[in-house]
Structure formats: C-alpha cells, structure tokens
Amino acid sequence: MENTPFDIHNPVSLKELACEAATCTRCALSRTRTQAVFSDGNPKASVMLIGEGPGQQEDETGVPFVGRAGQLLTQILSSVGIDRKQDIYICNTVKCRPPQNRKPEPEEMSACFPYLEGQIYWVKPKLILLAGATAVQDVLKTKQGITRIRGQWFDTPFGAKAMPIFHPSYLLRNPSKEKGTPKWLMWQDIKEVRRVMEEMGIPVSGEMHPLAAK
Ligand code: URA
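Owing to the predicted nature of the structure, the values given are computational and were not obtained by experimental measurement. Every chain is numbered independently, its residues counted from 1 as its sequence is written. Only residues with pLDDT of at least 70 get local features here, since the model is predicted, and only at 80 or more are side-chain atom pairs given and counted; chain-wide, interface and lining totals rely on the full set of residues. Just so you know, side-chain values use all the structure's heavy atoms and leave hydrogens and water out.

### Considerations on the sheet that holds strand 5 (residues 154-155)
Step number 1: Reading across from one edge, 1-3-2-4-6-5 is the order of the six strands in this open sheet, with mixed pairing throughout. Lying at the two open borders of the sheet, with one neighbouring strand each, are strand 1 (40-41) and strand 5.
Step number 2: Pairing between two strands requires that DSSP report at least two bridges joining them. Put simply, DSSP H or I for four residues or longer makes a helix, DSSP E for two residues or longer makes a strand, and each gets a number counted from the N terminus. The sheet contact formed by strand 2 (residues 47-51) and strand 3 (residues 89-92) spans four bridges and is parallel. Counted as the bridge partner of I50 is C91 from strand 3.

See below:
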C-alpha cells in the first residue's frame, strides 16, 4: 500500500480533498470499501461532529451517520434545534468502512488522519463533538474513558474546543432515559452544546424541544 504523506494545505479546497479520499489507497480499508464516506452537513458550519467510521449503510450510500445510530444522532441534534444539514458538519475518523464494523486499527486511523486534519483546516469549526472513544483518541490523543471525560470541553491543537460525547450506537444498546443513564447524560451534553453555541453567537436553525428547555 502506498502511504506517502500529502500536504493538507496542498489540495486547494475541501472538494479536492474529498476527491483525493474517493480514490485513496493509503490503507487496506480501501480494498473492501464500496466507496469512501467523506462528510455530510454544512462545510461552513461552526460545529463539527466526528464519529468512528462508516457502517454498512454509510458504505452503501456514501453518507455518514445514516443507519440506526445516525438516525438517533439526527434526533438528538434536532431535540435542541441543531439541524444536521445546516448547523453542523459531520465526518468520521476513517473514511472507509472497517469490515464487520470493527474498530479502525491505529495504522488505519493514522493513514486517514491527514483527511481529518484537512477537513478541520478547511471547515475551521469553533466547536468539535467527538462521538465515542475512537474519535476522542484520534483528536485528543488520550485513552481516558469516555464515561469520565464526556460533557467536558477540551482545547485542541486546531484552535477549536472539543467535547467528547457518547457514540449513538452505545445509546442504542442502553435505551433507558432514567436520570444518570447514558441517554440522560447525552441529553445534558447536547443541551450544553446548544448553550455554548448561543453564547458564542453560533447560529442554530431550530428551537429547543419544549422538554429540552427544562
Ligand atoms: N457510526 C459512525 O461512527 N459513523 C458513521 O458514519 C456511522 C456510524
């Protein structure tokens, strides 16, 4: 596999970076993918969400977070008025589906990291949401457990503040909404995201769901 580093400032646009990803062979995931899954949402958004990697439906459609976990993510965002097409830019640590939805290997993540760096460089988010431990490791370079660090804001080398949040697939496996459960904690975190967006003057398209306003 060729693994030549490329200068993220060299592609002249985000579009060119996406074209580069579409034909990428920097790691073995390129051999089993249907297509690279680059992003969804608004490249001009001030908020970026980074997940782990494409699943089967994402691999088939070319769009991140469209399967069950993605549908839950869309609902969570819209519960505080964040529209996934308007208010946020969505991508993953790796752009190609790991077979059987396994976690990406460290060498796959590092081969793909220049794309993520490029996306951050071009989108210039003010806030980054890191969905799940893989995204946290990739961006914050820490192995601290997500349960311990979720809901807190961290500085990043990219200038943006980043908040670790639970991955929506973890919430699908833990559906209780009782106080203190992962779903309840996610609810607190996403409300905090909306609060900080408002504080920073970042536009949010929708209203808070009446229950979220409490
Ligand atoms: N899970 C992720 O982490 N990313 C996707 O795009 C879909 C599911």
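### Here's the deal with empty space enclosed by the protein
Step number 1: A cavity, in this analysis, means grid points on a 1 Å lattice covering only the protein atoms where a 1.4 Å probe fits yet has no way out; a pocket is instead an open set bounded by protein on both sides within 12 Å along at least five of seven lines, and a residue lines either one if it has an atom within 4 Å of a point. Grid points are joined across faces, edges and corners, and a volume is the space filled by probe spheres set on the points. On inspection of all chains with the given rule, the structure shows one cavity of 30 Å³ or more.
Step number 2: Considered as a void within the structure, the largest cavity measures approximately 110 Å³ in volume.
Step number 3: Surrounding the largest cavity, 15 residues form its lining, C24, C27, K95, C96 and C112 being those nearest its centre.
Step number 4: Those elements that place two or more of their residues in the lining of the largest cavity are helix 2 (29-32) and helix 5 (106-123).
Step number 5: At four residues, helix 5 tops the list of elements feeding residues into the lining of the largest cavity.
Step number 6: Residue polarity follows a fixed list, in which Ala, Val, Leu, Ile, Met, Phe, Trp, Tyr, Cys and Pro are nonpolar, Asp, Glu, Lys and Arg are charged, and the others, Gly among them, are polar. Split by residue class, the lining of the largest cavity holds 10 nonpolar, one polar and four charged.

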